[in-house]
Amino acid sequence: MKFETTPAFDADYRRLNAEHRTAFRDAVKPKFVPACDAYAADPATPCPRSLRVKSVQGAPGVLEMTWPFSSPDGRATFEFVTVNGELRCRWRRVGEHDVFESP
């Protein structure tokens, strides 16, 4: 599966400190990317429980995942979109709980 980002995600990512960027990458590479590939093959495949993926209230089609920053938890919002017939994951926001103000 291909991934893309929104301008809001890019700005959020630049604001993360180095430790939080590393924690995000450490959650995405070994767990989230394979889960997205499995989802593309079979949408009934569940995400790893450790990522705590669920729908964002009040934002249809937007999902969230969380992983440990030391405190508070790291959070990212994303959605699955189809571009030219191809399923993609679009990262929308990343950071702490405030990403839900505009997921």
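Analysis parameters
- Residues numbered from 1 in each chain as written.
- Predicted model: local features only at pLDDT ≥ 70, side-chain atom pairs only at ≥ 80, totals over all residues.
- Heavy atoms only, no water.
- Salt bridge = Lys/Arg side-chain N within 4 Å of Asp/Glu carboxyl O.
- Helix = DSSP H or I, 4+ residues; strand = E, 2+ residues; numbered from the N terminus.
- Buried < 20%, exposed > 50% of the residue type's maximum accessible area, 1.4 Å probe, protein only.
- Pairing = 2+ DSSP bridges.
- Contact = heavy atoms within 4.5 Å.
- Axes fitted to C-alpha atoms, helices over the stretch in contact; angles between N-to-C directions.
- Core = buried A, V, L, I, M, F, W, Y, C linked by side-chain atoms within 4.5 Å.

Trainee: Summarise the pattern of salt bridges; cite the residues concerned and give the values.
Mentor: Under the definition given, this model contains nine salt bridges. One salt bridge in this structure joins arginine 88 and glutamate 4, with 3.1 Å as the shortest N-O distance. Highlighted residues: arginine 88 in strand E5 (residues 86–95) and glutamate 4 in strand E1 (residues 2–5), separated in sequence by 84 residues. Of the two residues examined, arginine 88 and glutamate 4, each falls in the buried class. Note that glutamate 86 and arginine 88 form a salt bridge whose closest N and O atoms lie 3.2 Å from each other. The class of glutamate 86 is partly exposed, set by a relative accessible area of 30%. Each of Lys2, Glu4, Glu79, Glu86, Arg88, Arg90 and Arg92 takes part in one network of salt bridges that share partners.

Trainee: Can you lay out the pairing of strand E3 (residues 63–67) for me, pointing to particular residues and giving the numbers?
Mentor: Of all five residues making up E3, five are buried, and the element is well covered by its neighbours. Residues Leu63, Met65 and Trp67 of E3 are buried on one face, and the alternating residues Glu64 and Thr66, pointing to the opposite face, are buried as well. Relative to E3, strand E2 (residues 54–55) runs antiparallel, the two being bridged by two bridges. Residue pairing across strands places serine 55 opposite leucine 63, the latter belonging to E3. Here E3 pairs with strand E4 (residues 74–83) via five bridges, running antiparallel. The residue bridging threonine 66 from the neighbouring strand is arginine 75, located in E4.

Trainee: So what's going on with the sheet that holds E4? Which residues, and what values?
Mentor: The strand order E1-E5-E4-E3-E2 describes an open sheet built from five strands, whose pairing is mixed. The open sheet has two edge strands with one neighbour each: E1 and E2. Both E4 and E5 contribute to a ladder of nine bridges, which runs antiparallel. Of the residues in E5, the one forming a bridge with threonine 77 is arginine 93. Contacting E1 and E5, helix H1 (residues 7–15) crosses the sheet at an angle of about 45° to E5.

Trainee: If you had to explain the nonpolar core to someone new, which residues and values would you point to?
Mentor: Ranked by internal contacts, the top residues of the largest apolar core, which has 17 residues, are Phe24, Phe32, Met65, Trp67 and Trp91. Elements supplying a minimum of two residues to this core: helix H2 (18–41), E3, E4 and E5. Among the elements that take part in this core, H2 stands out by supplying six residues, more than any other. With sequence-adjacent residues up to four places away left out, tryptophan 67 is seen in contact with Ala23, Phe24, Ala27, Arg52, Asp73, Gly74, Arg75, Ala76 and Val94. Judged by nonpolar contacts, the second largest core, of five residues, contains Val56, Ala59, Val62 and Phe100.

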